[in-house]
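Here are the chains, one letter per residue:
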Amino acid sequence: MAPLQLEKQRGRFAALAIAAVVIVVGIPLWWKTTQTYRAWLPYSEISELDTLRLQLSVDVEVVFSRGTLSPEQQKKVPLSHVSEKEHEVDAKTGLRYRFETKYRTATIMEEDALNQPTAAEADLSLHMLTESACGSVVVYVIPESSSLLPKDVNVYVGQRRTALLRSTPVRDSWSLKEVLANLDPQVEQVVNTMSFSHRDIIAALSDRVRLTKVTKESMADSMRAIKSSPGYEITFSLLNPDPKSHNLHWDIEGAVYSYIQPLLNKLAPIANFSVDSQILYYAVLGVNPRFDNSMSAYALRADSLSHVINPVEARLGSNAASSNPVLNFLLYVPDANHSPLFIRDHSKREVPSNAFHSPRWGGIMVYNVNDMYGPNAQLPVDINIDMAKVMGVFLAQLRLLLGIQHTHPPPGFMLQSPGNAGLTDWELDRLLWSRSVENIATASTTITSLAQLLDQIGNIVINDNIAQQVSSAVTSLQLAVAELEAGNLAFALQYSREAILASERAFFDPSLLHLLYFPDDQKFAIYIPLFLPMCVPIVLSLLKIVNEARRKRADKQAKND
Amino acid sequence: MQTSPITKPGTTKMDYYYLFTICTFIYLVVFMPSAYSNDVEAKASQFFSSGHTNNWAVLVCTSRFWFNYRHVANTLSVYRSVKRLGIPDSHIVLMLADDMACNYRNPKPATVFSHKNMELNVYGDDVEVDYRGYEVTVENFLRVLTGRLPPSTPRSKRLLSDDRSNILIYLTGHGGNGFLKFQDSEEISNTELADAFEQMWQKRRYNELLFIIDTCQGASMYERFYSPNIMALASSQVGEDSLSHQPDLAIGVHLMDKYTFYLLEFLEEVHPASQANMNDLFKVCPPSKCVSTPGHRTDLFQRDPGSVLITDFFGSVRKVEITKETINLMSPTEALIKRSGNAALQVESLTYVDQLPVAQIIHQKPKQKDWHPPDGFILGLWTLILLVFFKTYGIKHLKHIF
């Protein structure tokens, strides 16, 4: 009996040992090896970013020149004053606008500068004195009787960040507070024109906040400007449908260098630009223009313009190496049989620029050359295209498409033209404000949706590089929001650009593809053939041991009794 | 306009009559033109009512093998309509799982017909297939939709849509209740598709999406969608099969599926300026013609389907604005000439790199290849060895070998 007993004992120990190994070693090993690698992500900070509370600070300086204040009122100046406005856009987004206004009197050099004969020269000499920081606004208050501004103009907005404001009549008996209270609405109007208005900021937040009630104009505005992107590609194309008659020459390199490049250099903080050009021969418009007897010229109706672009677009090439959005500018020289060609708007009137543009795509200009040669000229005629005129139109279209909105200033305002730079400093500031807010909004939604996605789907592998991108995006976002609060617009834009680059890289990383949708029954179907044959003997032997132990105890009990 | 009941002495009813006519005339002259211009404004503003500025199309055929000719013909006919209505190739991602036009069983090579008697060749001259053959996989399809492509992917293989793009997605192949078969070896489920669309929505990669599927039990594929702005059409309900249209005896296979055949017929009538809307599309192929019951789903779509034009998804009608402002630029004279002078000096003559070094190839010495014994030699050698062994030691050792 003893060897049998020993054998049974050994068997019991063996079963117990195997069960122990399976439970203690096997199950943790299986759990560890089938785990997907998920690097740590700052989930708490990301959920904090979900609610966006932005504060935009603008530094405003109001300078009183000689003759605007009485000596008594002047004594109380300099002083500073902060006004804040809060807006709750929706449950998760809040905005606060902080205007810090400093009042002071003009220095002697500024007075000299303001003594210039015209407002433009005054603006230039004022600019030579001080360079105002990006995002700030300086308003010079000039006496009511000053001849610097024309009669019906109250405000002159210069090329940089300064404006000249004609003071309203001030009574000497007023205290400084009353004078300032009288002046504040006008200063606010100037600041809204030169930095940002609530409407612009709301439009920039369109990624986060889908507004159901939008005015037609604001929707047209938001559809026209191209979305914020790290880089843009600008292509200039010359379409020559009739090379037999016209031999066209355009100095595109020189034109881009003198007219377009200054604008792109100024916009360098916003994005990288690459410019290329091409010439397409035998490219026709998809629409047949009709001969108009009243003008004795061919006319393109406004409704047919939308069908012009598609046939041409098929033939335009683009840079295959980059995924940046492309802005196309086409210059079409009509063939000799259909010259001259004019564009008519909806009210059948001629369009002076002879050009039209399509939101987020680019622009087309029709350039008539029929008056450059007589009927007896020898074909093909050599024609030099006047690039200044062409670039004037393309530059205006480029400004619109890049998001430099039409400003509709209140009545009594006069805006100085941007000149050869193509862009005034305060227009750039407006663009920087809306771009920073747009970048911050987009980056925060990207990061929060990515965190939600990774949380929901437990099967996705999170590599270290993704975790690093997410962390750097979160840091950049926090810095950008802080810089906006402090009022440093240039730094805020830079950080917001870094944030959006990092968040897009993390979101669109190719390794984040959740392909494997495992419903539970499929999981069972995989594991059962592997584990069941192994587990059944173990479980049965354990049951046998337990039954035997119970029987032994029952026997012992019976024996005791 | 009220006339005072008190009459002045000397006036008669006729005076009031004249007053009334004059007032009506003034009203007509003053207010009617503004009403007319409002109408023009309204028509101009209708341009902006749909909220999209560009169109994309993702057309996928998921079956391979010659007898699935009809699926390739389906996809190519939608491709043809979409191109005809204006969407350029750069905005179309065409995925064909097999090459029917150059299949060795095709009696008319380089053609794919959609109608018997070979009336309509949908392959044409300028087809641009972006994903072909074995590249059409579930993974690539989801990568295209979500944008998670490796950085080396060229532009033509990407879906570069933004928040103002209307996207048309057309899938065809063999499907079942809740799945669509890709390449006879894998499948995509309706939850995966719905999740992919949700990720597209999170990243605002579309403005509105039109999803058309022509497979058996196609309606099951759009059951699980939960993202906004999606409209879906399917060729058959759950439990029904989508049937093919007609075989061609010369080619030997069925050429098209019924639903897409009638869809193509409908789209051939549409031109870029037509005002046909989605309600007409829902009526394409009623059960009397299609045998299966086509279904559609519009609860996630915000606009009323009757106001959605066909060309909003199938065509590419651009929004256009007249450029009203220009910038006055002065032509720079000296600086320009100076700069162009410098440039002329620096330009060096450019030559092509030698594409095929013919001289090198001709005069090349033949490469030293390793010497191998002739084929069959080794086999013969072993046979000889075995024969000798058995001859010497006898046949009884054979059982140790085998």
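All chains use their own residue numbering, which begins from 1 and follows the written sequence. To label them, take the chains in the order written and letter them from A, then take the ligands in the order written and number them from 1. Two thresholds apply to this predicted model, a pLDDT of at least 70 for residue-level local features and 80 or more for giving and counting side-chain atom pairs, whereas whole-chain, interface and lining totals are computed over all residues. Remark: hydrogens and water are excluded; side-chain values derive from all non-hydrogen atoms of the structure.

## Here we look at the interface of chain A and chain B
Often, the extent of an interface is quoted as the loss of accessible area on bringing the components together. Contacts between the two partners involve 69 residues from chain A and, on the opposite side, 57 residues from chain B. The buried area of a pairing is the accessible area, by a 1.4 Å probe, that goes missing from both parts when the two are put together, added over both. A combined buried area of about 5500 Å² lies between chain A and chain B, and 59% of that area is made up of carbon and sulfur atoms. When a carboxyl oxygen of Asp or Glu lies within 4 Å of a side-chain nitrogen of Lys or Arg, that pair is called a salt bridge. Run the count over chain A and chain B and you get five salt bridges. R360(A) serves as the salt-bridge partner of D162(B), at 3.6 Å between the closest nitrogen and oxygen. Whenever a nitrogen or oxygen atom comes within 3.5 Å of another N or O atom, the pair is scored as a polar contact, on the condition that within protein one atom can donate a hydrogen and the other can accept it, and that pairs from neighbouring residues in sequence are kept only if both atoms are in side chains. Counting across the interface, chain A meets chain B through 15 residue pairs in polar contact (both at pLDDT 80 or more). Those elements that provide at least two residues to the side of chain A that touches chain B are helix 8 (216-224), helix 9 (252-266), helix 10 (309-313), strand 14 (355-358), helix 11 (387-401), helix 12 (425-456) and helix 14 (489-507) of chain A. Secondary structure elements are taken from DSSP: a helix is a run of H or I of four residues or more, a strand is a run of E of two residues or more, and numbering for both begins at the N terminus. At eight residues, helix 11 of chain A tops the list of elements feeding residues into the side of chain A that touches chain B. Among the residues forming the side of chain A that touches chain B, the class breakdown is 31 nonpolar, 23 polar and 15 charged. Bridging between strand 14 of chain A and strand 11 (residues 321-322) of chain B involves two bridges; their strand directions are antiparallel. The partner of F356(A) across the bridge, within strand 11 of chain B, is I322(B). Any two residues whose heavy atoms approach within 4.5 Å are treated as being in contact. Residue classes follow a fixed rule: Ala, Val, Leu, Ile, Met, Phe, Trp, Tyr, Cys and Pro count as nonpolar, while Asp, Glu, Lys and Arg count as charged, and any other residue, Gly among them, counts as polar. The rule for pairing is simple: two strands pair if DSSP sees at least two bridges between them.

## Remarks on unusual backbone geometry
Omega for the peptide link from S339(A) to P340(A) comes to -15 degrees, which places this bond in the cis form. Summarising the element assignment, P340(A) is placed in the loop between strand 12 (326-332) and strand 13 (341-343). With an omega dihedral of -10 degrees, the bond running from L379(A) to P380(A) counts as a cis peptide bond. Residue position: P380(A) is located in the loop between strand 15 (362-366) and strand 16 (381-384). In this structure, R204(B) is a non-glycine residue whose phi angle is positive, near 50 degrees. Following the sequence through the fold, R204(B) ends up in the loop between helix 4 (190-202) and strand 8 (208-214).

## Focus: the packing of helix 12 of chain A against helix 14 of chain A
Residues and elements named next belong to chain A. Where helix 12 contacts helix 14, the axes come no closer than 8 Å and their chain directions differ by 30 degrees. Of the possible angle classes, the one that applies to helix 12 and helix 14 is roughly parallel. The chirality of how helix 12 crosses helix 14 is left-handed. Across the contact of helix 12 with helix 14, the residue classes tally to twelve nonpolar, seven polar and four charged. To obtain each axis, a line is fitted to C-alpha atoms, and for helices this fit is confined to the stretch in contact; angles are then taken between N-to-C directions over 0 to 180 degrees. Here the angle decides the label: under 35 degrees means roughly parallel, over 145 means roughly antiparallel, 65 to 115 means roughly perpendicular, and every other value means oblique. For any pair of crossing helices, the crossing counts as left-handed if the nearer helix is rotated counterclockwise from the farther one by less than a right angle, and right-handed if it is rotated clockwise.

## What about the side chain of S227(B)?
All names here are of chain B. With respect to the element layout, S227 can be found in the loop between strand 8 and strand 9 (230-234). At 2.9 Å, the side chain of S227 and the side chain of E198 are in polar contact. Ignoring anything within four residues of it in the chain, the contact list for S227 reads A194, F197, E198, W201, Y206 and L300.

## Some points on helix 4 of chain B
Residue and element names in this part refer to chain B. Expected span of a helix, by definition, is 1.5 Å for each gap between consecutive residues, and there is one gap fewer than residues. End to end, helix 4 covers 18 Å across 13 residues, agreeing with the expected 18 Å (1.5 Å per residue, within 8%). For each residue, the accessible area found with a 1.4 Å probe, counting protein chains only, is set against the maximum for its type, and the residue is called buried under 20%, exposed over 50%, and partly exposed in between. Most of helix 4 is tucked away, with eleven of its 13 residues classed as buried. Residues of helix 4 that are buried include every one of N190, T191, E192, L193, A194, A196, F197, E198, Q199, M200 and W201, and no others. Positive phi appears at R204, one or two residues downstream of helix 4, with a value of about 50 degrees.

## Observations regarding the packing of aromatic side chains
Between 30 and 60 degrees the pair is tilted, below 30 it is stacked and above 60 it is edge-to-face, where a pair is any two Phe, Tyr or Trp rings, Trp via its six-membered ring, whose centres lie within 6.5 Å. Considering all chains together, one arrives at 25 aromatic pairs over all chains under this definition. Arranged with centres 5.5 Å apart and planes meeting at 50 degrees, the rings of W201(B) and Y206(B) form a pair that is tilted. Here W201(B) matches Y206(B) in class, with each residue buried. Through a chain of ring-to-ring contacts, the aromatic side chains of W30(A), W31(A), Y527(A) and F531(A) assemble into a single cluster. It is K157(B) that lies over the ring of Y131(B); its NZ or CZ is 5.0 Å from the centre. Cation over ring: K203(B) sits above F507(A), and NZ or CZ is 6.0 Å from the ring centre. By definition, being over a ring means that NZ of Lys or CZ of Arg is both within 6 Å of the ring centre and within 35 degrees of the ring normal.

## What to know about the confidence of the model for chain B
Residues and elements named next belong to chain B. Per-chain confidence: chain B averages 83 in pLDDT, with 83% of residues scoring 70 or above. A residue's pLDDT is the confidence the predictor assigns to it, expressed on a 0 to 100 scale. Confidence, read as mean pLDDT per element, is least for helix 8 (residues 334-346) in chain B (47) and greatest for strand 2 (residues 92-96) (96). The low-confidence segment residues 1-7 (pLDDT under 50) makes five contacts with residues lying over four places distant or belonging to another chain. Contacts for the low-pLDDT stretch residues 33-48, under 50 throughout, to residues beyond four places or in other chains number twelve contacts.

## Thoughts on the nonpolar core
All names here are of chain A. Residues belong to one nonpolar core when they are buried, are Ala, Val, Leu, Ile, Met, Phe, Trp, Tyr or Cys, and are joined through side-chain atoms within 4.5 Å. Formed by 118 residues in total, the largest nonpolar core has its most connected members in F236, I385 and M391. With 14 residues, the single largest contributor to this core is helix 12. Apart from the residues within four sequence positions on either side, F236 is in contact with W250, I252, V256, I260, V275, D276, S277, Q278, F329, M391 and F394.

## Some words on the environment of R204(B)
Residue and element names in this part refer to chain B. Of the residues examined, R204 reaches a relative accessible area of 14% and is grouped as buried. Considered as a pair, R204 and P109 are 95 residues apart in the sequence and their alpha carbons are 42 Å apart. A distance of 2.8 Å separates a polar atom in the side chain of R204 from the backbone oxygen of W201.

## Brief notes about the pairing of strand 2 of chain B
Residues and elements named next belong to chain B. Most of strand 2 is tucked away: five of the five residues are buried. Burial along strand 2 is two-sided: I92, L94 and L96 and V93 and M95, pointing in opposite directions, are all buried. Inspection of the sheet shows strand 1 (residues 54-61) paired to strand 2 by five bridges, in the parallel sense. Opposite V60, over in strand 2, you have M95 as the bridge partner. Bridge count between strand 2 and strand 3 (residues 131-132): two bridges; the pairing is parallel. Note that in strand 3 the partner of L96 across the bridge is R132.

## Details of helix 6 (residues 176-194) of chain A
Counted at 1.5 Å a residue, the expected span for helix 6 of chain A with its 19 residues is 27 Å, and the 25 Å between its end C-alpha atoms agrees. Of all the bends found along helix 6 of chain A, the most pronounced is centred on D184(A) and spans about 40 degrees, while P185(A), a proline, follows it within four residues. Here the bend at a residue means the angle between the axes of two seven-residue stretches, the one that ends at it and the one that starts at it.

## Some words on the pattern of salt bridges
Residues and elements named next belong to chain A. What the rule picks out here adds up to 37 salt bridges over all chains. The closest approach of N and O atoms between D50 and K92, which form a salt bridge, is 3.5 Å. Remark: K92 occurs in the loop between strand 2 (79-90) and strand 3 (93-105) and D50 occurs in helix 2 (residues 43-50); sequence separation between them is 42 residues. Note on D50: relative accessible area 25%, which makes it partly exposed. Here the salt bridges share partners, and the residues they tie into one network are E84, E86, R96, R98, E100 and K102.

## Observations regarding the side chain of S476(A)
Residue and element names in this part refer to chain A. Inspection of the secondary structure puts S476 in helix 13 (residues 464-486). A polar contact of 2.9 Å, which involves the side chain of S476, links it to the backbone oxygen of S472. Residues contacting S476, with those up to four places away along its chain left out, are Y495, E498 and A499.

## Some points on the state of the cysteines
All names here are of chain B. In this description, a disulfide is simply a cysteine sulfur pair whose atoms lie within 2.5 Å. Tallied over the entire structure, the rule returns one disulfide over all chains. Note on cysteine connectivity: C285 is disulfide-linked to C290, with sulfurs 1.5 Å apart. Residues C285 and C290 are joined through a disulfide that is right-handed, its torsion about the S-S bond being 95 degrees. Taking relative accessible area as the criterion, C285 reaches 3% and is therefore assigned buried. For C290, a relative accessible area of 1% puts it in the buried group.

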